[in-house]
Amino acid sequence: MGTREVPDAPYEVFARKWRPQVFEEVIGQEHITQTLINAIQSGRLAHAYLFGGPRGVGKTSVARILAKALNCEKGVPGIPCNKCRSCEEVTDGSSVDVQEIDGASNRGIDEIRELRESIKYMPSSGRYRVYIIDEVHMLTLPAFNALLKTLEEPPSHVKFIFATTEAHKVPVTILSRCQRFDFKRLPMVDIVSQLEKIATQEHIEISKSGLALLAREADGSMRDAESLLDQVISFTGAKVEDKHITEILGIVDRDMVFRASRAIIEGSPRDCLEVVDQIYNYGYDIKEFYYALMDQFRNLLISLMVPSNRMLEMSEEEMAETKRLAELAGSEKLLLLLNLMINREEGLRFTYHPRLILETIMVKLCHLGDFLSFGDLIQKIESLEKRVVATLASREQPKAQYLSDPGAGCISESQEKASPTWDGFLTFLSSKNKAMFNVLKGWHLKRLDGETLEIAKGSQSFSSSYFDDPERYRQLLDYCSSFFQPNINVKVLENNQPLSHTKTPSKGEVPEHEIKNYSELSPPVQDILKVFQGKILEELPVKRGRAHSPKAASKKEEVKE
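Residues numbered from 1 in each chain as written. Predicted model: local features only at pLDDT ≥ 70, side-chain atom pairs only at ≥ 80, totals over all residues. Heavy atoms only, no water.

1. Overview of the packing of helix α16 (residues 331-349) against helix α17 (residues 354-366)
The interhelical angle for the contact between α16 and α17, taken along N-to-C directions, is 165°, at an axis separation of 11 Å. Of the possible angle classes, the one that applies to α16 and α17 is roughly antiparallel. With respect to the hand of their crossing, α16 and α17 are arranged in right-handed fashion. Along its contact with α16, which presents L337, L340, M341, R344 and L348, the element α17 presents P354, I357, L358, I361, K364 and L365. Residue composition of the contact of α16 with α17, by class: nine nonpolar, no polar and two charged. (Axes fitted to C-alpha atoms, helices over the stretch in contact; angles between N-to-C directions. Helix = DSSP H or I, 4+ residues; strand = E, 2+ residues; numbered from the N terminus. Parallel < 35°, antiparallel > 145°, perpendicular 65-115°, else oblique. Left-handed = near helix turned anticlockwise from the far one by under 90°. Contact = heavy atoms within 4.5 Å. Nonpolar A, V, L, I, M, F, W, Y, C, P; charged D, E, K, R; others polar.)

Laid out in structure tokens, this is it:
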């Protein structure tokens, strides 16, 4: 039986091996590290610090570096040497003067009481006893209360450093007794740069795009990025390909995201369904793909609003394709698409059939371009109104302009303006309010002088109460003031005389002999057809029973015969 080869030293993961040991090695937190260096050099040290921020951005690492810098024997102020006994013990985690406590497992009041008893003792070798409490927000309220007095008046040889990912859960009474430092999420560029440095030192072959995949998946956490790189190398060895990264980590392929966004913008439901089918067959999480698609449309919108901005963390090729798709869609359509995706996200999150929901959403997004936005609708209505007014104005030019006398047209036009008529007002009204025109064309003019207009209601019961609505009556006053003269007095009179069927129809009115006689219909229906110039295109059978349908009636007549 062969002997198994045992390595000389245990393997150390990248997250621990490449942990920063001095302030200068901390990435992306210069606003904190430089402040701490200045505080140590000037002797302006606080008795308690609170480090808050996302996971894996260097909170505990900075706490350890600060502890080493406070007790370093040989290094210059603010820069630990990492060679003296005190620095090595802190690095190994065996220092008596530097205690690192897990707040999640030591969260009770009894543990805090023990801590209060231990801080009375002087440091064994260094200048300070440093207590690092990680995830301090997990302490119970009685434990926090027991810590208050100690934090407010601690011994001169004691320093507290608290680290937490949820600083808002720490009581304000604790926060007010600490100097607070907020750590930032690391930019993708900084993570890629550090991973590239690690890959070079560890002799790993990996592309820049592969490193970008790892950095994007890490979501601003350097520790997560190093752990992901470690995981990929465990499978591939020293040579890593991009396809291995997507397969091992289950990352949604960016090409699929771009293909899906391109299909939605171009309105191709077939391509969308093919993308969903590939995602399902490859075993990708459909919900994760939907979130990636939402991020993609967010990137498209940002590329239009904030071009050449670091808010978009992608390669140059992806940036070029993103700008092309964004310009093809336009900001208004992108807003509509993104708004619909946000509104449908909750339904996808709680469904038992995510594939069906995703297919439905993507097909609907493809057809979203068929619907006009509110702004587009207003523009089209305004354009149509201008065309109608221009057409009516061209038709209302007096025929006198075609006479041999060039001034005849001007005389006729001035006469029309000097003495406006009721028929002229109806023509004017037909271009402004078609429904009001259809009502007034059946009414009678009783009086029209300089300041008064009296009109009598028509005989149609449907339209006789049209101007009982104050808003409609106000519109009538506005139209009359625009056509006749300002502040004209308009009176609506009752009319008991039947309509005359021999009058000449106004412009835009259908002649009486062209309207089909619907005498078999009820009077209100007849009035509606006359007012709106309507006609019945098809008569459907009444659903009350087969006996009332025309076919049933004809069958009855046949039986009688």
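2. Quick notes on the sheet that holds strand β1 (residues 48-52)
Overall, parallel pairing links the five strands, which are arranged β2-β3-β4-β1-β5 in an open sheet. Whereas interior strands pair on both sides, the edge strands pair on one side only; in this sheet they are β2 (98-102) and β5 (179-182). Across this sheet, the average inter-strand angle for adjacent strands is 15°, counted without regard to direction. The pairing of β2 with strand β3 (residues 129-134) spans five bridges and is parallel. What sits directly across from I101, in β3, is I133. (Pairing = 2+ DSSP bridges.)

3. Some thoughts on the sheet that holds strand β6 (residues 444-448)
On the basis of which strands lie adjacent, the open sheet formed by three strands has the order β6-β7-β8 and mixed pairing. The two strands at the open ends of the sheet, each matched to only one other strand, are β6 and β8 (489-493). The average angle at which neighbouring strand axes cross in this sheet is 20°, direction not considered. Taken together, the five bridges between strand β7 (residues 452-456) and β8 define a ladder with parallel strand orientation. The residue of β8 that forms the bridge with L453 is V490.

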